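# Results of the structural survey
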2 protein chains.
Amino acid sequence: MENIQCLSDLKIKAETKILLFVMDGLGGLPGPHGLTELETAHTPNLDDLAAQGASGLMDPVRRGITPGSGPGHLGLFGYNPYTFFIGRGALEAAGIGFDLQKIDVAMRFNFCTLDADGTITDRRAGRISSELNEKLVEKMRAVSIPGIEIFVETVKEHRGIAVFRKEGLKGNLKDTDPQKLGVPPLQPETSDKGVSQEIAGIAERWLSHIYEILRNESPANGILTRGWCNYPEIPTYQDLFGLDPACIALYPMYRGLSKFAGMKVYIEGIKDFATKIEVLKDVWNDHDYFFFHYKHTDSAGEDSDFKRKVACIEEVDKALPDILALKPDVIAVTGDHSTPAVYGAHSWHPVPIVMTGKYVRPDSVKTFGETAAVSGGLGRFEARFLINELLASSGKITKFGA
Amino acid sequence: MENIQCLSDLKIKAETKILLFVMDGLGGLPGPHGLTELETAHTPNLDDLAAQGASGLMDPVRRGITPGSGPGHLGLFGYNPYTFFIGRGALEAAGIGFDLQKIDVAMRFNFCTLDADGTITDRRAGRISSELNEKLVEKMRAVSIPGIEIFVETVKEHRGIAVFRKEGLKGNLKDTDPQKLGVPPLQPETSDKGVSQEIAGIAERWLSHIYEILRNESPANGILTRGWCNYPEIPTYQDLFGLDPACIALYPMYRGLSKFAGMKVYIEGIKDFATKIEVLKDVWNDHDYFFFHYKHTDSAGEDSDFKRKVACIEEVDKALPDILALKPDVIAVTGDHSTPAVYGAHSWHPVPIVMTGKYVRPDSVKTFGETAAVSGGLGRFEARFLINELLASSGKITKFGA
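Predicted model, so just to flag it, every value in this text is computed and none were measured.

### A short note on the overall build of chain A
For chain A, the helix and strand inventory stands at 14 helices and 13 strands. In terms of overall dimensions, chain A is globule-like: its C-alpha atoms have a radius of gyration of 23 Å, near the 21 Å expected for 402 residues. Principal axes of the C-alpha set define a box for chain A whose edges measure 70 × 55 × 40 Å. Residues counted as buried form 57% of the 402 residues belonging to chain A. Put simply, of all contacts in chain A between residues at least 6 apart along the chain, 74% involve residues at least 24 apart. Split by element, the accessible area of chain A, about 16,300 Å² in all, is 50% carbon and sulfur.

### Examining the relation of the copies chain B and chain A
Expressed as a screw operation, the relation of chain B to chain A combines 0.1 Å of axial shift with a rotation of 124 degrees, fitting to an RMSD of 0.2 Å. Taken together, these values place the two copies in the relation of a three-fold axis. If distances are taken from each C-alpha of chain B to the rotation axis, the shortest is found for Ser375(B), at 3.6 Å. Little of the interface of chain B is mirrored in chain A, where only 4% of its interface residues again form contacts.

### Describing the pattern of salt bridges
All names here are of chain A. Counted under the stated rule, the structure contains 41 salt bridges over all chains. Among the salt bridges present, the one from Asp99 reaches Lys259, with a minimum N-O distance of 2.7 Å. With Asp99 in the loop between helix H5 (88-95) and strand E3 (104-114) and Lys259 in helix H9 (residues 252-260), the pair connects residues that are 160 residues apart, well separated along the chain. Judged by its relative accessible area of 49%, Asp99 falls in the partly exposed class. A relative accessible area of 22% means that Lys259 is categorised as partly exposed.

### Notes on the layout of surface pockets
Approximately 900 Å³ is the volume attributed to the largest pocket. Taken together, 33 residues form the lining of the largest pocket, with Ser69(A), Met253(A), His346(A), Lys399(B) and Ala402(B) sitting closest to its centre. Looking at the lining of the largest pocket, the elements with two or more residues in it are H5, strand E5 (149-156), H9 and helix H11 (296-302) of chain A. Ranked by residues supplied to the lining of the largest pocket, first place goes to H5(A) with 4 residues. Of the residues assigned to the lining of the largest pocket, the class counts are 14 nonpolar, 9 polar and 10 charged.

### Things to note about the interface of chain B and chain A
Contacts between chain B and chain A engage 28 residues on the former and 31 residues on the latter. Summed over the shared surface of chain B and chain A, the result is 2 salt bridges. Between Glu389(B) and Arg63(A) there is a salt bridge, with its nearest N and O atoms 2.8 Å apart. Seen at the junction of chain B and chain A, the total is 13 residue pairs in polar contact (both at pLDDT 80 or more). Looking at the side of chain B that touches chain A, the elements with two or more residues in it are helix H1 (3-8), strand E13 (379-382) and helix H14 (386-393) of chain B. Here the side of chain B that touches chain A is built from residues that sort into 14 nonpolar, 8 polar and 6 charged.

### Considerations on empty space enclosed by the protein
Empty space among the atoms becomes apparent when a probe as large as a water molecule is rolled across them. The full count for this structure, using the stated rule, is 2 cavities of 30 Å³ or more. One number sums up the size of the largest cavity: a volume of about 150 Å³. What lines the largest cavity is a set of 19 residues, and nearest its centre among them are Pro350(A), Arg380(A), Arg361(B), Gly377(B) and Leu378(B). Looking at the lining of the largest cavity, the elements with two or more residues in it are helix H13 (370-373) of chain A together with H14 of chain B. Broken down by class, the residue content of the lining of the largest cavity amounts to 10 nonpolar, 4 polar and 5 charged. Approximately 50 Å³ is the volume attributed to the second largest cavity.

### So, the sheet that holds strand E12 (residues 351-357) of chain A
All names here are of chain A. In space, the 8 strands of this open sheet follow the order E9-E8-E10-E1-E11-E12-E2-E13, with mixed pairing throughout. Where the open sheet ends on each side, the last strands, each with one partner, are strand E9 (264-266) and strand E13 (379-382). Ignoring strand direction, the axes of neighbouring strands in this sheet form an average angle of 20 degrees. In this structure, strand E1 (residues 18-23) lies alongside strand E11 (residues 330-334), joined through 5 bridges in parallel fashion. Among the inter-strand pairings, Leu19 is bridged to a residue of E11, identified as Ile331. Docked against the sheet, helix H14 (residues 386-393) engages E1, strand E2 (54-59), strand E10 (289-294), E11, E12 and E13, running at close to 10 degrees with respect to E12.

### Structural notes on the environment of Pro178(A)
Residues and elements named next belong to chain A. Tracing the backbone shows Pro178 in the loop between strand E6 (159-165) and helix H7 (197-214). Overall, Pro178 belongs to the buried group, its relative accessible area being 15%. Leave out the neighbours within four places in its chain, and Pro178 touches Ile120, Val183, Pro184, Pro185, Leu186 and Leu224.

### What about a nonpolar patch on the surface?
Among the surface-exposed residues, Val342(B), Tyr343(B) and Trp348(B) lie close enough to one another that they form a single nonpolar patch of about 290 Å² accessible area. Within the secondary structure, Val342(B) sits in the loop between strand E11 (330-334) and strand E12 (351-357).

### Observations concerning the confidence of the model for chain A
Taken residue by residue, chain A gives an average pLDDT of 95. The fraction at 70 or more is 100%. For this predicted complex, the interface score ipTM comes out at 0.88, while the overall pTM is 0.90.

### Comments concerning the environment of Ile161(B)
Residues and elements named next belong to chain B. Its location among the elements puts Ile161 in strand E6 (residues 159-165). Judged by relative accessible area, Ile161 falls into the buried class, the value being 1%. Spatially, the C-alpha atoms of Ile161 and Pro81 are 23 Å apart, while their sequence positions differ by 80 residues. In this structure Ile161 touches Glu92, Ala93, Ile96, Phe98, Met107, Arg108, Phe109, Phe151, Val152, Glu153 and Val155, once residues within four positions along its chain are discounted.

### What to know about the sheet that holds E13(B)
Residues and elements named next belong to chain B. Taken in spatial order, the 8 strands of this open sheet run E9-E8-E10-E1-E11-E12-E2-E13, and their pairing is mixed. On the outer flanks of this sheet lie strand E9 (264-266) and E13, each paired with one strand and no other. On average, adjacent strands in this sheet sit at an angle of 20 degrees to one another, irrespective of strand direction. Sitting on the sheet, helix H4 (residues 69-77) touches strand E1 (18-23), strand E2 (54-59), strand E10 (289-294) and E11, and the angle it makes with E10 is about 150 degrees. The sheet strands contacting helix H10 (residues 273-282) are E1, strand E8 (245-248), E9 and E10, and the helix crosses E10 at an angle near 175 degrees.

Basis of the calculations
- Residues numbered from 1 in each chain as written.
- Chains lettered and ligands numbered in written order.
- Predicted model: local features only at pLDDT ≥ 70, side-chain atom pairs only at ≥ 80, totals over all residues.
- Heavy atoms only, no water.
- Helix = DSSP H or I, 4+ residues; strand = E, 2+ residues; numbered from the N terminus.
- Rg over C-alpha atoms; globule rule 2.2 N^0.38 Å.
- Buried < 20%, exposed > 50% of the residue type's maximum accessible area, 1.4 Å probe, protein only.
- Contact = heavy atoms within 4.5 Å.
- Areas by Shrake-Rupley, 256 points an atom, 1.4 Å probe, with all protein chains shown as cover.
- Least-squares fit on C-alpha atoms with pLDDT ≥ 70 in both.
- Salt bridge = Lys/Arg side-chain N within 4 Å of Asp/Glu carboxyl O.
- 1 Å grid on protein atoms, 1.4 Å probe; cavity = no way out; pocket = protein on both sides within 12 Å on 5 of 7 lines; lining within 4 Å.
- Points joined across faces, edges and corners; volume = space filled by probe spheres on them.
- Nonpolar A, V, L, I, M, F, W, Y, C, P; charged D, E, K, R; others polar.
- Polar contact = N/O pair within 3.5 Å; in protein donor to acceptor, adjacent residues only side chain to side chain.
- Pairing = 2+ DSSP bridges.
- Axes fitted to C-alpha atoms, helices over the stretch in contact; angles between N-to-C directions.
- Patch = residues over 30% accessible without salt bridge, like charges linked within 9 Å, V, L, I, M, F, W, Y side chains within 5 Å.
- pLDDT = per-residue confidence, 0-100.

Pasting the structure below:
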């Protein structure tokens, strides 16, 4: 049985609050002085947490696997990233903050270049600018099909999404992107024999109009579609755990994923780290689980900026007392994956985690850092089991068996 | 989904080299002075690796399970020993260096003693000598069946193998060894209703000839067969990971297993540890993954010879700089299981591992040993996940999900 289902069977009500504080890409590798970003940063407050509580290391998905943001956050939320799949269309829609509905079929597309006989000569249309993309998307919006709502949105450069909204529409079409040059785009075909018949017909009709509209454009005179999918069917936190969860995050991708998990997503008034904390305080009485996301650690890591990542961690540390003043019953501070500045990208290294709470068993670790966390009481585990620790420590699951 | 399949989906090309250095039966238990063989040995070079890289402990198959050489190496290579099964016939054939082909059916047999009415009085024919075994095998080779190639080979003492070679032959026959005395050998029956019909008929015919030939021998006047199986159908390293792997090992069993996994097995010129290193150097440019096997640690452990096992480990340590001079991008030094000298046999204790590479996150461990490895950054894990660490650290798998 899936772990979350085991937990779900044990759920009970408890007047406690869980705070999951995620510093994106927190984990690192040693920099010039032999210490990681987190070990280099001056973090008296995080170290206090480590001294009081339990530390450990989490593999976001599985040992050795570098997660994208989708699987990384699914794991953090307790979903097995290999079982609960979020289609690329839905993920991309979430990523630009598109308010995907349960009846939607979403897909992503690339603008491409076709030659006179319709074969693909550039799968990304020379990576056109976002501005040109927006102009083309505006034209594409003119295509309508009776009885169905269609949305076309720019993502960035040559990338976009389209969403088809109609009650009962089911979609798992095959990509029309053949992944190679010198052949024409593929026809949109069902991958599930029959279930997607309706959307396959709609897609074919819509695409023929789109090709017509883009015919005289250059270099983007066609599109290649991928990741046709429905609204992700993952069980929500309400249904699974009886929680009333909130998401406080600035980036659309995390907000989208949180929505799929059933979290109430707060956007209003969030501009930066400081306003995020204000919103957290404002809604503190309204929920019992809070996913609080801090992005800049990841961006600094991606930019290979060791110093900036250190500074970001210190920014969080300074704000921590203000957050702890809310007195969460259980708080976990961790990342969704590692983004070591010396590596300059998401990596597979396990992420340090520290957790405190009245019933969290303390260990001998006194500082928050990758090396220290190896000796932590939480040990090394896959992120999808973090929810077990959070629910247990907050009294939100009961005994298994008599 | 099987772990190796998850990895396979993420495989990418990288100009890097992985060296897996296996000291057979490396793990130990404390000897007279309270330290294990590895902790007793003077190993400045292995300690250097530990100080630079990450340590940990691997359960060869699963916590508490003592592996034979087959499951032990399957795990090391990334195959779940409970999913990927290698029949005893094939394993034994590999063990004596028989060049098993994909169309072969192999089985192992014991010489036994039958009384006048054909019931078994000794299932091992008094453990006859290998010399007598060879003489009997020579006689058995006289049995031929039209349209099929048959090989009979001595293994050791009362043990042998037979291999049946014919296109399309499928074999999963039941043992003819009834595992008890006072009854006759069983008939070779199919265990898969029909698929093995042909080999069942062949086996019956062949066995009746063999009984005829051995009738007047003493004490070995019969055979009992076991582990009838085809060439192991395990996916190869080429197919799974796009690797071009090499095996440098002296013992037939490891060479056979490596062949099943798709490794190019080097034999020419290998006589001892020193020549093995020379071959490693010779073929270093031709492959991207190297399985290098050192046997004597295990033999010393099996002989309960603590001192000799210590000396073996020191022999490896001395040679290490010569091997490291090849500059593998990732190196892991470990064992396939423990063979503590004080236990005198394969055991279930986890094996220490040390791993270094540009992107291997260091830990606080400074020496290579069982006790120190407990605090290692790799943690404690099942051997089949080692391949995840090796592929990730060498850049041979990409990100999972967007």
